[in-house]
Each structure stands twice: as structure tokens, then as C-alpha cells.
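Below are the chains, spelled out letter by letter.
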Amino acid sequence: MTPPSAWGLTPAEWAPLCHSLGLPAYRAAQIVTALYQNFAQSWQEVTTLPADLRARLAERLTLAPLTTAACDASPDGVRKLLLACHDGERVETVLIPSKGRLTQCLSTQVGCAFRCAFCASGAAGRVRDLSAGEIVGQVMAACQLLRAEAPPAPSAPRPGPRPALPRPGNLVVMGMGEPFDNYDETLRALRILNDPKGLAIGARHITLSTCGVVPGIRRLAEEGLQFELSVSLHAPNDALRTRLMPVNTRWPLAELLATCADYTARTKRLITFEYTLVHEVNDRPHHAAELVRLLRALPCKVNLIPLSPTPGFAGRRPEDRVCLAFLDALLKAKIATTLRQSRGRDVDAACGQLRLRQMPAAAVAPA
Ligand code: SAH
């Protein structure tokens, strides 16, 4: 059996672990450097440690990477990786270059229990949660890929500290799964990725997205963290939202928005509402007007996303002029709104699409 992943430990947890193994404290520092500065892919690679210690560590914790089962690249530079976990389950992660930064989209579960109408991740339901090690492992897979692509280091090393290896600058938890349905492992992973001794990705460069799991929003408000929060709204009234997002029957709009208002008041952080535009379903001028009325009192931002067509959902992507008119209506009402350029369409980059495409057809439940 594969031991648990070494990537699931926070940098601070290595010191007590090394102590319990009877090792001097500096071993913990060497391991943390090997993991987060050098992106080690096996204990054998960590030559700062003696061979017998590497063998002892390998028995307890694995450094084996998630293996790449498929990698698709789109002409706009977006790359989508399908990674195989140790039990053979597959997770997606997407790398999106933009404005000199690389954004990585992370998954938190295999499949998803929430079954939003247009989302491929929920099509076959939730299979299992990912561990913190598997969530961090997605970023490490990207770091290892970037390391392999980086130009070779000069043969005569320059004096001074070694330049840091390339890594993603932004993380968005918008891949497969619902992060607040796997709260503890997701938050553990994000803490490791944010830790100055871990991957050191700034909290304000890490965005969590939820379909509206109210207890998760409440819990996050208590954490005192600086992560960004997005809430998937997609409809301006309960009847339509329930049609698109069954989660709305559990936590309807009034309760969701009251929780968002509390979150904003408590954390002094703005929430971004995601709104996927679907042709003639939620993209009409009266929907925009209703959305303005719903959000007017709440300090927030809105991100409009034209639908990425997906099998099992008959909806269509609105024409550009319709998306722009919706954007305009919100901007005129002084709601800070952006219209997301859909990228990576050639690689099925919307939530769950690549895994879905790779699954046998019979495993995909009809919508
Ligand atoms: N479960 C979380 C995070 C995953 S999805 C959530 O629901 O927020 C990230 C975003 O992509 C969500 O807003 C989701 O509704 C949206 N999305 C999923 N499938 C899509 C599609 N086919 N086209 C456009 N947006 C989609």
C-alpha cells in the first residue's frame, strides 16, 4: 500500500516528525527545502539526506508525484493536465498563462455531489474527496513540469542565492469538486501553499470558489485568512437558481446573501459572484435588472462567464453582444463587473470536462 503523501504535511509539522524519529532539527529544514525549493519528486533525489534516512522516510511518506494521464494544450497557451492519483482516480488541473503570471486551477474532489446543470464535474456525482497531499500535489505536478521546461542552469553557478524555480503565481480553487464539501483538506492544502516556508503563494493570490455552501462560508469568515472568496450565483431569483443549481433548495438566495453580507462585514473582504451566462436562460435584460436589485446593497464584484458548452446540458453560450449588454447593465448600476474571456475552450477547460471526456460513456449519467 502507498504510504500517505509527504505533501500533506505543513512545513511546521516536519520538525516534530523529525524529532519523533530521533533526528536533529536541521533535517526538517533540509526536507522543507528539498520539497518547496527544489520540488523533489522522490526521496532518492534528496541527496542532502543520508541514504538510510531516505529509506526510512520513504516507508512513512511518499513523494511519488501524481502521474500525468493526459495533457492538452490550446493555442492560447492554456494547458490542461489530467493527473492520476495512487488509486487510479483522475483529477484535472488547468494552467492559464496571463499577463506574465501563471494561474493554476485546482480540484478538491473527484467528481462533485452538487450537480449544477451545466457543470461536467457533477455529471457522475461525487466519487471521493482529495487529500491535502493530492491538492498540493497538483501544484507540485505543475512546478515539476515548469522545472523540466526551464532553461538549464548555467554550468558555473553565480554567487548569491539560487534563483527560485518557476511556480504558479495565482491559484483558483475552481476545478472539479466543491471545496466546502471537503473543507478541512482544502484549507490544509491552501495553508501549505500559502506558507512562506511552503510554496509561499500570497493569500490574495489564492481564490476559493463555492456553489453556495453556507456553513463553509461561515467557517471561512472565522479563520482570519486573507484568501479571496468567489460564490457561484448564476441566477437572480430562487426559481431559476434552483433549476440551475440544486444546492439552492438547501441554502436559498436570502440565506446565502445574508451569509455573504456577514462575511464581508466580518472580514472586510469583497466577495466575487460568479454568473455563468446561458443563452435565453439567465442572460436577458430583466435578469440583469433583477441581479442589480439583488446585489445593490452588498459591496461585491461580479464575474460574468459565458457558458462553455458541455455534454449533457442543452444550454448555449450567448452571443458576445448579449454578454456585453449584460455587463453594461451591471456597470451602469455601479456594480464592479468583469466579463471573463473563456480560455482553453480547445482543451475542454471548463470544470470536469477533460475527465468526463476520458470516462467510458456508460459511466456518465444522463443530465
Ligand atoms: N464548486 C465550486 C468550484 C468549481 S466550478 C463552485 O461551484 O463554485 C468553478 C466555476 O465554474 C463555478 O462558478 C461553476 O459554476 C463554473 N462552471 C462550471 N461549468 C461551467 C461551464 N460549462 N461553463 C461556464 N462555467 C462553468
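No experiment lies behind these values; they were computed from the predicted model shown. (Residues numbered from 1 in each chain as written. Predicted model: local features only at pLDDT ≥ 70, side-chain atom pairs only at ≥ 80, totals over all residues. Heavy atoms only, no water.)

**Thoughts on the site of the ligand**
Point 1. As a matter of local geometry, the ligand sits amid 18 residues, with Gly 177, Ser 209, Ser 232, His 234 and Ser 308 nearest to it.
Point 2. A distance of 2.6 Å is found between an oxygen atom of the ligand and a side-chain nitrogen or oxygen belonging to Ser 209.
Point 3. Residue Thr 210 places a main-chain N or O atom 3.4 Å away from an oxygen atom belonging to the ligand.
Point 4. A total of 540 Å² of accessible area belongs to the ligand in isolation, and the protein chains cover 95% of it. (Near = heavy atom within 4 Å. Polar contact = N/O pair within 3.5 Å; in protein donor to acceptor, adjacent residues only side chain to side chain. Areas by Shrake-Rupley, 256 points an atom, 1.4 Å probe, with all protein chains shown as cover.)

**Examining the confidence of the model for the chain**
Point 1. Chain-level statistics for the chain give a pLDDT mean of 91 and a share of 92% at 70 or above.
Point 2. The low-confidence segment residues 359-367, where pLDDT is below 50, has seven contacts with residues more than four positions distant or belonging to other chains. (pLDDT = per-residue confidence, 0-100. Contact = heavy atoms within 4.5 Å.)

**A few points about helix α5 (residues 183-194)**
Point 1. Between the first and last C-alpha of α5 there are 16 Å, a value that for 12 residues agrees with the 16 Å anticipated at 1.5 Å per step.
Point 2. Listed in full, the buried residues belonging to α5 are Tyr 183, Thr 186, Leu 187, Ala 189, Leu 190, Ile 192 and Leu 193.
Point 3. Of the surrounding secondary structure, the elements contacted by the buried residues of α5 are α2 (26-36), α4 (132-149), β7 (170-173), β8 (206-210) and α6 (214-223). (Helix = DSSP H or I, 4+ residues; strand = E, 2+ residues; numbered from the N terminus. Expected span 1.5 Å × (residues − 1). Buried < 20%, exposed > 50% of the residue type's maximum accessible area, 1.4 Å probe, protein only.)

**Observations regarding α4**
Point 1. If you check α4, its first and last C-alpha atoms are 26 Å apart, about what 18 residues at 1.5 Å a residue would give, namely 26 Å.
Point 2. Of all bends in α4, the biggest is about 25°, found at Gln 138.
Point 3. For α4, the tally of buried residues reaches 14 of 18 residues, placing the bulk of the element in the interior. (Bend = angle between axes of the 7 residues up to and from the residue.)

**Observations concerning the packing of α5 against α6**
Point 1. Here α5 crosses α6 at 35°, and the two axes come no closer than 12 Å. Here the hand of the crossing between α5 and α6 comes out right-handed. Here α5 contributes Tyr 183, Asp 184, Leu 187 and Arg 191 to the contact with α6, which in turn contributes Gly 216, Arg 219, Leu 220 and Glu 223.
Point 2. Across the contact of α5 with α6, the residue classes tally to three nonpolar, one polar and four charged. (Axes fitted to C-alpha atoms, helices over the stretch in contact; angles between N-to-C directions. Left-handed = near helix turned anticlockwise from the far one by under 90°. Nonpolar A, V, L, I, M, F, W, Y, C, P; charged D, E, K, R; others polar.)

**Thoughts on the domain arrangement of the chain**
Point 1. When its domains are assigned, the chain resolves into domain 1 (6-60) and domain 2 (67-148 + 165-363).
Point 2. If you average the C-alpha positions of domain 1 and of domain 2, the two centres end up 33 Å apart.
Point 3. Between domain 1 and domain 2, the residue contacts involve 15 residues of the former and 16 residues of the latter.
Point 4. Summed over both sides, the interface between domain 1 and domain 2 buries roughly 1,300 Å², with carbon and sulfur atoms accounting for 59% of that surface.
Point 5. Of all residues in domain 1, Trp 7, Tyr 36 and Phe 39 bury the most surface against domain 2, accounting for 49% of the area lost on that side.
Point 6. For Arg 188, the salt bridge goes to Glu 13, with nearest N and O atoms at 2.8 Å.
Point 7. Counting across the domain 1 and domain 2 interface gives seven residue pairs in polar contact (both at pLDDT 80 or more).
Point 8. Split into classes, the residues belonging to the side of domain 1 that touches domain 2 amount to eight nonpolar, five polar and two charged. (Domains from an automatic or database assignment. Buried area = accessible area lost by both parts, 1.4 Å probe. Salt bridge = Lys/Arg side-chain N within 4 Å of Asp/Glu carboxyl O.)

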